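Breakdown of the fold
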Amino acid sequence: MKLQLSLDLSKCKIDKPSLLQFPKISILKKQFTKAGEITLNHFLLSEDLKNSSVSVLFTDDKYIHKLNLETRKKDKPTNVLSFPYSEFKNGKIVKLDNSCILGDMVFGVETCLNESKEQNKQLLDHLTHLYVHSLLHLIGFDHIKEIEANSMENIEVNILKKMDISNPYMYS
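Description of the structure in this document. (Residues numbered from 1 in each chain as written. Predicted model: local features only at pLDDT ≥ 70, side-chain atom pairs only at ≥ 80, totals over all residues. Heavy atoms only, no water.)

Over its twelve residues, helix α3 (residues 61-72) runs 15 Å from end to end, which matches the ideal 16 Å to within 8%, given 1.5 Å per residue. On the buried face of α3, the contacting elements are β2 (53-59), β3 (80-84), β6 (101-108) and α4 (109-118). Two or three places before Lys 62, at the opening of α3, Asp 60 has a side-chain oxygen 3.2 Å from that residue's backbone nitrogen. Of the residues flanking the end of α3, it is Lys 73, one or two places downstream, whose phi is positive at about 60 degrees. (Helix = DSSP H or I, 4+ residues; strand = E, 2+ residues; numbered from the N terminus. Expected span 1.5 Å × (residues − 1). Contact = heavy atoms within 4.5 Å. Polar contact = N/O pair within 3.5 Å; in protein donor to acceptor, adjacent residues only side chain to side chain.)

Right under this line is the structure:
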């Protein structure tokens, strides 16, 4: 199973020193592909979604702030937004988009950089966690209720453990 990824930095208008801290696209693609495969295998979706794809856009906080306000009515930047194309419920397919596009993800680069520094995390590990988190949203998970949040966090921790990434909810 090979999850297809499209990664785009074209809407990322941040200062060069910040952008230089960001992992190379080839490294992100390799890491996200591995995380995606582990996530879909976790739910036994790899065969059903073997030709699926995800589009990932990296942008600045100004742009993601605008998207967050328009789509979630939250007047602040955020680390990642997810826009599913197909319908899932807790990792089970309800209705699959004919194109096999799972959806779009939009990362706020400045917020991700700040969070990784504040939480003393490796940036690549933090981005991988957010990718897994966002992918879970694309396949029907949410964290509105506490029980959903606990379930989603446990799934994320188990998936990241398979990639030798520490529990992202335990930081110093």
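Okay, back to it.
A separate point is the environment of Ile 144. Tracing the chain through its elements places Ile 144 in the loop between α5 (123-138) and α6 (146-161). With 28 residues separating them along the chain, Ile 144 and Ser 116 place their C-alpha atoms 24 Å apart.

This brings us to unusual backbone geometry. Even without being glycine, Asn 120 reaches a positive phi, approximately 55 degrees. You can call Asn 120 exposed: its relative accessible area is 59%. Positive phi is not limited to glycine here, since Asp 164 has a value of about 60 degrees. Assignment of secondary structure puts Asp 164 in the segment after α6. (Buried < 20%, exposed > 50% of the residue type's maximum accessible area, 1.4 Å probe, protein only.)

Here we take up the pairing of β6. In terms of burial, β6 is a largely internal element, six of the eight residues being buried. Bridge analysis of β2 against β6 gives seven bridges, and the strand direction is parallel. For Phe 58, the partnering residue across the bridge sits in β6 and is Phe 107. (Pairing = 2+ DSSP bridges.)

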